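Residue-level structure breakdown
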Amino acid sequence: MLELGLLLIFVVVLTGPFLNKRIESNLEAFLFIMGVISATLSQAWSAEVVHEGFVAPINITLAVLGAGVLFHYLRKYIDHAMRRVLITVPLSLIICSGIIILGLLSSLISAIIAALLLVELITVLPLHRHAEVNLTVVSCFAIGLGAALTPLGEPLSTIVVSKLSGAPYNAHFLYLFKLLALYVVPSVVVLGVVGIFFVRQKPEDSEESLAAEEEEEKLGEVFARAGKVYIFVMALIFLGAGFKPLIDTYLLKLPSQILFWVNMVSAILDNATLAAAEIGPSLSEAQIKSALLGLLISGGMLIPGNIPNIIAAHALRIKSTEWAKLGVPLGLAMMTITAVLLWIGLL
């Protein structure tokens, strides 16, 4: 009965934003309610879960708020500098290099800061809204992948290195780089090249762009956005706690090839929570690699899948349906290619 109820909640969380515009417009509140219901159904409430739900989002929220306020006051200078660059550097080169640099640099400056820098880049580019949405999705895939290369990049990598710090792996700062770089770095470069195909200069009479929306943002909206990010992260923590019985009962018993695909649940669940449940020193290195790549790639498919997605989507007002139009097929294509490489042992 519990499993059936959690599966029903999973289906509602997955389909709700695409079937109901009100849910799509209030995604963080919807996920929060679903998180509370799932945690209640699975009797997951504890002092530890409540503490984590209220405390864990604070650092992310403060980073979003601090950078948001800073960029709010510096935007005109950033805009001026970027427009000078656009005069001399081809737009396609800016797009390609921007995606690659943000993707790889995210492992050192964190996925949060990389996502905020992405928002500033998108807002000054002279592109159609549709192209801006696509570029945001592609860039967030790159940031989500690149951030996993060091413990500085995102919570997932921090948790994994911590859990594998003892025998037999004795994971250190560069452990994930050595484990994943042959997959992640080429993927980020390819995503940079893919981004070029979404570059289309905006004509004078074009539809309103994401940049135009962002330029009108008031300081109060910066604080409101940070508050929404706080609720969003809290919701993902409660969802992870609620779905833990399903994860423990079914996911942890799967072989690495199947776990790779099943980890597509990371598209709507916090990948750090899944990594904490799945990764441990008892797994083989092949299993660890498969599980992590499945989590990292699928995390870009939908807005709740990764922190950079959440930040960029809120800042640029991208809807779930807009994100999924590219995020889902791109994610499936990347999953398929990676699965082939993993299974035939090319890398």
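Before reading further, recall that the structure is shown in the block above.
Residues numbered from 1 in each chain as written. Predicted model: local features only at pLDDT ≥ 70, side-chain atom pairs only at ≥ 80, totals over all residues. Heavy atoms only, no water.

Observations concerning the overall build of the protein
Quick reminder of the rule: Only DSSP runs of H or I reaching four residues or more are called helices, and only runs of E reaching two or more are called strands; each is numbered from the N terminus. A radius of gyration in this sense is built from C-alpha atoms; the matching globule rule multiplies 2.2 Å by the number of residues raised to 0.38. Exposure categories follow from relative accessible area, calculated using a 1.4 Å probe and restricted to protein chains: below 20% of the type maximum is buried, above 50% is exposed, and the middle band is partly exposed. Contact between two residues is taken to exist if any of their heavy atoms lie within 4.5 Å; hydrogens are not considered. Accessible surface area values rest on a Shrake-Rupley calculation with a 1.4 Å probe, where residue burial reflects the displayed protein chains alone. Asp and Glu are treated as the negative residues and Lys and Arg as the positive ones, with His and the ends of the chain left uncounted. To locate a charge, the coordinates of NZ of Lys, CZ of Arg, CG of Asp or CD of Glu are taken.
Within the protein, the regular secondary structure consists of 18 helices and zero strands. The C-alpha atoms of the protein give 19 Å as radius of gyration, which agrees with the globular expectation for 347 residues (20 Å, within 12%). On the principal axes, the C-alpha backbone points of the protein span a range of 55 × 45 × 30 Å. Across the 347 residues that make up the protein, the buried fraction comes to 54%. The contacts of the protein with a sequence gap of at least 6 include a subset with a gap of at least 24, amounting to 81%. Accessible surface computed for the protein: about 15000 Å², of which carbon and sulfur atoms make up 69%. Positive and negative side-chain charges in the protein, numbering 20 and 24 respectively, have mean positions lying 2 Å apart.

Some remarks on helix α16 (residues 285–298)
Here is the rule we go by: One less than the residue count of a helix, multiplied by 1.5 Å, gives the span that helix is expected to have.
Look at α16: 20 Å from first C-alpha to last across 14 residues, which is about the 20 Å you get at 1.5 Å a residue. Taking burial as the measure, the 14 residues of α16 include eleven buried ones, the bulk of the element. Regarding α16, the residues found buried are Ile288, Lys289, Ser290, Ala291, Leu292, Leu293, Gly294, Leu295, Leu296, Ile297 and Ser298. Where α16 is buried, its residues touch α8 (129–146), α9 (155–163), α10 (175–196), α14 (256–262), α15 (271–278) and α18 (320–344).

A look at the packing of aromatic side chains
Applied cut-off: We call Phe, Tyr and Trp rings a pair once their centres come within 6.5 Å, taking the six-membered ring for Trp, and we label the pair stacked below 30 degrees between planes, edge-to-face above 60, and tilted otherwise.
All chains considered together, the criterion is met by five aromatic pairs. Pairing Tyr169 with Tyr175 gives two aromatic rings, centres 6.2 Å apart and planes at 55 degrees, and the pair type is tilted. When its relative accessible area of 17% is taken as the criterion, Tyr169 is described as buried. Of the residues examined, Tyr175 reaches a relative accessible area of 8% and is grouped as buried. Here the aromatic rings of Phe260 and Trp261 are separated by 5.5 Å at their centres, their planes lie at 90 degrees, and the arrangement is edge-to-face. You can call Phe260 buried: its relative accessible area is 0%. One aromatic cluster in this structure is built from Phe32, Trp45 and Phe238.

Side note on the pattern of salt bridges
As a reminder, the rule being used: By salt bridge we mean one thing: a side-chain nitrogen of Lys or Arg within 4 Å of a carboxyl oxygen of Asp or Glu.
Within the structure shown, the criterion is met by two salt bridges. Close ionic contact of Arg129 with Glu322 constitutes a salt bridge, the shortest N to O distance being 2.7 Å. With Arg129 in helix α8 and Glu322 in helix α18, the pair connects residues that are 193 residues apart, well separated along the chain. Arg317 is the salt-bridge partner of Glu221, the closest N and O atoms lying 3.8 Å from each other. Highlighted residues: Glu221 in helix α12 (residues 219–242) and Arg317 in the loop between α17 (307–316) and α18, separated in sequence by 96 residues. When its relative accessible area of 35% is taken as the criterion, Arg317 is described as partly exposed.

As for a nonpolar patch on the surface
Note the following rule: Every patch collects residues that have over 30% relative accessible area and no salt bridge, joining them within 9 Å if they carry like charges and within 5 Å if they are nonpolar side chains (Val, Leu, Ile, Met, Phe, Trp, Tyr).
A contiguous nonpolar surface patch, about 630 Å² in accessible area, is contributed by Ile101, Leu105, Leu108, Leu152, Phe173, Leu174 and Phe177. Take the nonpolar patch: its biggest share by element is three residues, from helix α6 (residues 91–109). By the secondary structure assignment, Phe173 is in the loop between α9 and α10.

Quick look at unusual backbone geometry
Working note: non-glycine residues mostly have negative phi, and peptide bonds are mostly trans. Going from Ala167 to Pro168, the amide bond is cis rather than trans, its omega being 5 degrees. Positive phi, close to 55 degrees, is recorded for Gln43, a residue that is not glycine. Following the sequence through the fold, Gln43 ends up in the loop between α3 (27–41) and α4 (47–55). For Gln43, a relative accessible area of 71% translates into the label exposed. The phi dihedral of Arg317 falls on the positive side, at around 60 degrees, and the residue is not glycine.

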